[in-house]
Amino acid sequence: ITKRQACEKLKVSSKNFNILFLGGTSELKGWKTVEKCIDMVENMEVKFVVAGYSDEAKKINNKKVQYIGVVENIQYMYKACDLVILPSKEPHQLMPIFEAGFFMVPVITSDFKQIRENITNGETGLTIQPNSPQQLCSAINKILKNKKIRGKLINNNFKKALEHEYTITRNIFEKEINEILKKV
């Protein structure tokens, strides 16, 4: 499945640099950090694609934001997006980091001890301090402006994801992994 096909399925423009935030409007998952960062991103062709449950009262009206709700086939989310952000306030599950790796999408995540075991800042992803919209925005701008860094993060996180024995994830993505490996 291509980015264009995934975007069509989710009704998201494939012309934008799509940034996936997994967490709806959950403050624990970093919604407030994302919300404060949106207008600080320099590129006007950016769209923040918000997946997950979203409280109507916490939604914002901003042309850079699109809410897609809960998506059953996660392949569409990752394929439609160019970057995954996980700016949680507290340590959270690692599965999205590995999923992004399998789908070859770079990751920005909050810096916690548990995360450092799987993400090396500048090598397999970018890490930021929790609750720091400025650092999140700076990391997004870095990936937007530097294709070489973006490529390095994608390749290294893909390799890192394959090193781990997450059999459920591997079973789900077995076909996708085999297709990607043919290209590498």
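Just so you know, these numbers come straight off a predicted model, no measurement behind them.

Thresholds, definitions, all that
- Residues numbered from 1 in each chain as written.
- Predicted model: local features only at pLDDT ≥ 70, side-chain atom pairs only at ≥ 80, totals over all residues.
- Heavy atoms only, no water.
- Phe/Tyr/Trp six-rings, centres within 6.5 Å; stacked < 30°, edge-to-face > 60°.
- Helix = DSSP H or I, 4+ residues; strand = E, 2+ residues; numbered from the N terminus.
- Buried < 20%, exposed > 50% of the residue type's maximum accessible area, 1.4 Å probe, protein only.
- Lys NZ or Arg CZ within 6 Å of the ring centre and 35° of its normal.
- Contact = heavy atoms within 4.5 Å.
- Pairing = 2+ DSSP bridges.
- Right-handed = clockwise from strand over helix to strand, strands pointing away.
- Axes fitted to C-alpha atoms, helices over the stretch in contact; angles between N-to-C directions.
- Left-handed = near helix turned anticlockwise from the far one by under 90°.
- Nonpolar A, V, L, I, M, F, W, Y, C, P; charged D, E, K, R; others polar.

Student: Please give an account of the packing of aromatic side chains that cites residues and values.
Tutor: Describing an aromatic ring pair means giving the distance of the ring centres and the angle of the ring planes. In total, this model carries 3 aromatic pairs according to the counting rule given. Taken together, a centroid distance of 6.0 Å and an interplanar angle of 35 degrees make the contact between Phe21 and Trp31 tilted. With Phe21 in strand β1 (residues 17-22) and Trp31 in helix α2 (residues 31-37), this residue pair connects regions lying 10 residues apart in the sequence. Both residues of the pair, Phe21 and Trp31, count as buried. Aromatic pair Tyr78 and Phe103: ring centres 5.5 Å apart, planes at 10 degrees, arrangement stacked. Of this pair, Tyr78 sits in helix α3 (residues 74-80) while Phe103 sits in the loop between α4 (95-102) and β5 (107-110); the two residues are 25 residues apart in sequence, bridging distant segments of the chain. Both residues of the pair, Tyr78 and Phe103, count as buried. The lysine or arginine in question, Lys59, covers the ring of Tyr67, its NZ or CZ lying 4.8 Å from the ring centre.

Student: How would you explain the side chain of Gln66 if you had to name every residue and give the values?
Tutor: Secondary-structure assignment places Gln66 in strand β3 (residues 65-69). When sequence neighbours within four positions are dropped, the list of residues in contact with Gln66 reads Leu10, Lys11, Val12, Lys47, Phe48, Val49 and Val50.

Student: Kindly report on the pairing of strand β4 (residues 83-86), identifying the contributing residues and their values.
Tutor: The two faces of β4 match: Leu83 and Ile85 on one face and Val84 and Leu86 on the other face are all buried. With 3 bridges connecting them, β1 and β4 associate as parallel partners. In the strand pairing of β4, Phe21 is matched with Ile85. Sheet topology note: the β4/β5 ladder contains 3 bridges and is parallel. Note on β5: the bridge partner recorded for Leu86 is Thr109. With respect to chirality, the unit in which β4 leads through α4 into the neighbouring parallel β5 is right-handed.

Student: Hey, could you go over the sheet that holds β3 for me, with residue numbers and the actual values?
Tutor: Spatially, β3-β2-β1-β4-β5-β6 is the arrangement adopted by the 6 strands of the open sheet, whose pairing is parallel. Either end of the sheet is taken by a strand with one partner, and the two such strands are β3 and β6 (126-128). When strand polarity is set aside, the average angle formed by the axes of neighbouring strands in this sheet is 25 degrees. Direction of pairing for strand β2 (residues 46-51) relative to β3: parallel, over a ladder of 4 bridges.

Student: Describe in detail the packing of α4 against helix α7 (residues 147-163), supporting the description with residues and values.
Tutor: With their axes 7 Å apart at the nearest point, α4 and α7 run at an angle of 115 degrees to one another. Both α4 and α7 take part in a crossing whose hand is left-handed. Residues Ile97, Phe98, Ala100, Gly101 and Phe102 of α4 lie in contact with α7, whose contacting residues are Asn157, Phe158, Ala161 and Leu162. Looking at the contact of α4 with α7 residue by residue, the classes come out as 7 nonpolar, 2 polar and no charged.

Student: Explain unusual backbone geometry to me, and be specific about the residues and the numbers.
Tutor: If you check the backbone angles, Lys11 has positive phi at about 60 degrees while not being a glycine. Tracing the backbone through its elements, the reader meets Lys11 in the loop between α1 (3-10) and β1. Despite not being glycine, Met104 has its phi angle at roughly 60 degrees, a positive value. Here Met104 shows up in the loop between α4 and β5. Assessed through its relative accessible area of 25%, Met104 is described here as partly exposed.

Without other data, these values stay purely geometric and don't point to any function.
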